[in-house]
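Chain by chain, the residues:
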Amino acid sequence: CTGIRNVIYLCLELKAFHEHPKFDKDIDKKSVGLFLQQGYIHSPHCIYKYAHKLNPGHFLEVNNEGDIQLEKYWDVQDYYGKKEENSRTGGEILEELESILKESFEYRMVSDVPVGMFLSGGIDSSLVTAMLQKNSNTQLKTFTIGFEDEKRNEAPFGKEIAKHIGTDHTEFICTENDFKSILPNLPDIHDEPFGDSSSIPTFLVSKLAKESVTVSLSADGGDELFGGYSKYDIVKKYYSKINNLPKPLKRIAYGIINNTNPAFIEKYQKYIPIINGYTDVGNKFDKFQNAFKAENLSDFFNISSTFLNEGELRKYTNNLHARFDGPSYDGNDDAIISYLGLIDIKTYLEGDIMTKVDRATMQVALEGREPFLDQNIIEYALNIPDRYKIQKKSTKDILRKILFKYVPKKLIERPKQGFAIPLKEWLGSYLKDDLMEIKNDKEFFEKLELNEIKINGDIDSFMINIRYVNPNFIWFVYVLHQWYKRWG
């Protein structure tokens, strides 16, 4: 919502405000800093200074005199750490959770129009699909997007799962040209800077589904609720060890890592026990390095969730927003995963994942539904002890146990690849001219109050490979500039 001369305007998308001749497009520089740090701008922040997002679980009340009151009706953090210690057995929790999941999933199938499902072949989407198909009298429709690059192509896994479950499955293998065709439309699909490159395949799978159904179920939220991200596993295992190191040792470790080439680490990671088995290590290396500067658990996790720590961000801009303002960790060693999930729900899930799916589905007039984000699942999951979520290197352990009742283990147990495009290759080839355009756009740097010398130096270093520069950050700069040209 935005106020123009004591008038409040409300809309679902920022682009609607631009139709008003007196909409003030003054940019919120702190939100620019937040975007460069993490690749999205979560509520209540907005790219425009005089526009604000309504926080999830809130409503805005305006009386006849124009007085504004923000009211909360539900907040996820109210359910973290509010229950007494769970004394139930793992078997009891497993049974209760399966019942809650089943009820939530089936509720999202209620519709008078055709309903389908996005099926990547991962744990979450496979579980939603398998439970629904088993209890359905009709063959459900499922959709998977695949890539030509075999290293990034998860389509065969989705196809195998669909065959075992018995769904009516549609698979589409995208070419590079399919992806290229979407790039010019990104500033309109996301009328605010948005740096999650998986928005492109998400749009394509939404477009594919729309050809057959009007509603589609996704499976977002499972990672946050049940400990699915590798960073949760790392924080759980190594935070206390790193935190207990004497400060001089932390500084030494930081210095050693700072002088290590991430590409070298990625090449030889199989010989390094602490990172063996994790994916995309090179591009996550900065986060690991910065963890040695963390002051507490929240700081440690926020560093592991951003591409720039506060010190690094100040090299690009002095305009900073606090990333997370919520409850502190309460010290319960068996609730660390739930605490980290809470932070991600309040930031990453809301500002990135849900925004990505919402914009992609809306763009093709497809209704997207999220069965894992049922209130009952969230409230229950946040109070499941960590020991049932992560065991050794088995993330989302409790979901796996339920899933293996429906799908053979051999079809699921494999490294998680993600839903990503080849950023480094694209930026270094056919997006090269766009990066060069950024370097010459002085107005862009001035209006957004960005360090022109530093960013241009990073672009040069990335293009000629003088030193390692995270391609995700270069992509953020590219996306920000494309947005600025369209809406700034």
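The structure we're discussing is the one just above.
Residues numbered from 1 in each chain as written. Predicted model: local features only at pLDDT ≥ 70, side-chain atom pairs only at ≥ 80, totals over all residues. Heavy atoms only, no water.

J.: Provide a residue-level description of helix α10 (residues 247–258), including the pertinent values.
T.: With twelve residues, α10 should reach 16 Å at 1.5 Å per residue; the first-to-last C-alpha distance of 16 Å fits that figure. For α10, the set of buried residues is Lys 250, Ala 253, Tyr 254 and Ile 257. Seen along its axis, α10 keeps its buried residues to an arc of 100°; they face one direction. Exposed residues pointing more than 90 degrees away from the buried face of α10 are listed as Arg 251 and Ile 256. (Helix = DSSP H or I, 4+ residues; strand = E, 2+ residues; numbered from the N terminus. Expected span 1.5 Å × (residues − 1). Buried < 20%, exposed > 50% of the residue type's maximum accessible area, 1.4 Å probe, protein only. Arc of directions from axis to C-beta.)

J.: Please set out helix α13 (residues 297–304) residue by residue, giving values where relevant.
T.: Burial of α13 is extensive: seven of the eight residues sit out of reach of the surface. Residues of α13 that are buried include every one of Leu 297, Ser 298, Phe 300, Phe 301, Asn 302, Ile 303 and Ser 304, and no others. The N-cap residue of α13 is Asn 296: its side-chain oxygen and the backbone nitrogen of Ser 298 are 3.2 Å apart. (Polar contact = N/O pair within 3.5 Å; in protein donor to acceptor, adjacent residues only side chain to side chain.)

J.: So, the sheet that holds strand β5 (residues 115–118): which residues are in play, and what are the values?
T.: Strand order in this open sheet of five strands is β7-β6-β5-β8-β9, and the pairing throughout is parallel. Lying at the two open borders of the sheet, with one neighbouring strand each, are β7 (168–174) and β9 (367–369). Taken pair by pair, the neighbouring strands of this sheet meet at an average axis angle of 30°, ignoring direction. Alignment of β5 against strand β8 (residues 215–217), held across three bridges, turns out to be parallel. Bridging across to β8, Gly 116 finds its partner in Ser 216. Contacts between helix α3 (residues 123–134) and the sheet are confined to β5, β6 (141–147) and β8, with β5 contributing the most and set at about 145° to the helix. Contacts from helix α4 (residues 155–165) reach β6 and β7, with the element oriented near 175° to β7. (Pairing = 2+ DSSP bridges. Axes fitted to C-alpha atoms, helices over the stretch in contact; angles between N-to-C directions. Contact = heavy atoms within 4.5 Å.)

J.: Account for the pattern of salt bridges, naming residues and giving values.
T.: A side chain with one charge can pair with a side chain of the opposite charge if their charged atoms come near. The final tally for this structure, using the stated rule, is 32 salt bridges. Between Lys 15 and Glu 13 there is a salt bridge; the shortest N-O distance is 3.1 Å. Residue Lys 442 is joined to Glu 452 by a salt bridge in which the shortest nitrogen-to-oxygen separation is 3.1 Å. Pair noted here: Lys 442 is in helix α20 (residues 442–448) and Glu 452 is in helix α21 (residues 452–464), with a separation of ten residues, a long-range link. Connected through salt bridges with shared partners, the residues Glu 13, Lys 15, Asp 191 and Arg 359 form a single ionic network. (Salt bridge = Lys/Arg side-chain N within 4 Å of Asp/Glu carboxyl O.)

J.: So, the pairing of strand β4 (residues 68–72): which residues are in play, and what are the values?
T.: Pairing geometry for strand β3 (residues 58–62) and β4, over five bridges, is antiparallel. The residue bridging Val 62 from the neighbouring strand is Ile 68, located in β4. Taking the residues between adjacent antiparallel strands as the criterion, β3 and β4 are bridged by five residues, where Gly 66 takes a positive phi near 90°.

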